[in-house]
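The chain contents come next:
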Amino acid sequence: MSEPVIIGNATLYLGNCLDIMPTLGAVDHIICDPPYEAITHKALDGKNTARRNDGRPASPAVDFGPIDEIREQVVAMGEQCEGWFIAFCTPEGVWPWAQAINASPM
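Each value, and the rule that gives it
Residues numbered from 1 in each chain as written. Predicted model: local features only at pLDDT ≥ 70, side-chain atom pairs only at ≥ 80, totals over all residues. Heavy atoms only, no water. Helix = DSSP H or I, 4+ residues; strand = E, 2+ residues; numbered from the N terminus. Buried < 20%, exposed > 50% of the residue type's maximum accessible area, 1.4 Å probe, protein only. Disulfide = S-S within 2.5 Å. Core = buried A, V, L, I, M, F, W, Y, C linked by side-chain atoms within 4.5 Å. Contact = heavy atoms within 4.5 Å.

**Q** Explain the environment of D33 here, please?
**A** The residue D33 is located in the loop between strand 3 (30–32) and helix 2 (38–43) in this model. Note on D33: relative accessible area 62%, which makes it exposed. Separated by 55 residues in the primary sequence, D33 and F88 place their C-alpha atoms 4.9 Å from one another.

So, in structure tokens, the structure goes:
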């Protein structure tokens, strides 16, 4: 884990949230941009000839695993959160995130 960076009254941590969050205790808010879903990885695997809506080629393959296997672990971090839990995702990820969040006690 890298050293935290203090910005005003906020602290920024650069690293894997699954490693960092257990060391923090309660937090005010969680704002995260987790990995893509497996379906998005498949679309970006370099074999897909799909194009973006603007006609440009699809993005190159990604070099990290999909969120699907660890989504519940990420949602469980919300139990440490005393305010907002915000997770950015693709449109395809909205339903799986909603299911995981609604099934959690947070």
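**Q** Hey, could you run me through the state of the cysteines in this one?
**A** Between two cysteines, a covalent bond joining their sulfur atoms is known as a disulfide. Per the counting criterion, the structure on display carries zero disulfides. Here C17 is not cross-linked by a disulfide; its sulfur's nearest cysteine counterpart is in C32, at 6.5 Å. Overall, C17 belongs to the partly exposed group, its relative accessible area being 31%. Note on C89: no disulfide assigned, nearest cysteine sulfur contributed by C32 at a separation of 9.7 Å.

**Q** I keep staring at the nonpolar core and nothing clicks. Help me out?
**A** Note that soluble globular proteins tend to have their nonpolar side chains buried in a common cluster. If you look at the biggest cluster of nonpolar residues, it comprises 12 residues: M21, V27, I30, C32, I67, V74, V75, M77, C81, F85, W97 and A100. Elements with a contribution of two residues or more to this core: strand 3, helix 3 (71–76) and helix 4 (94–103). Beyond its immediate stretch of four places on either side in the chain, M77 contacts C17, L18, M21 and I30.

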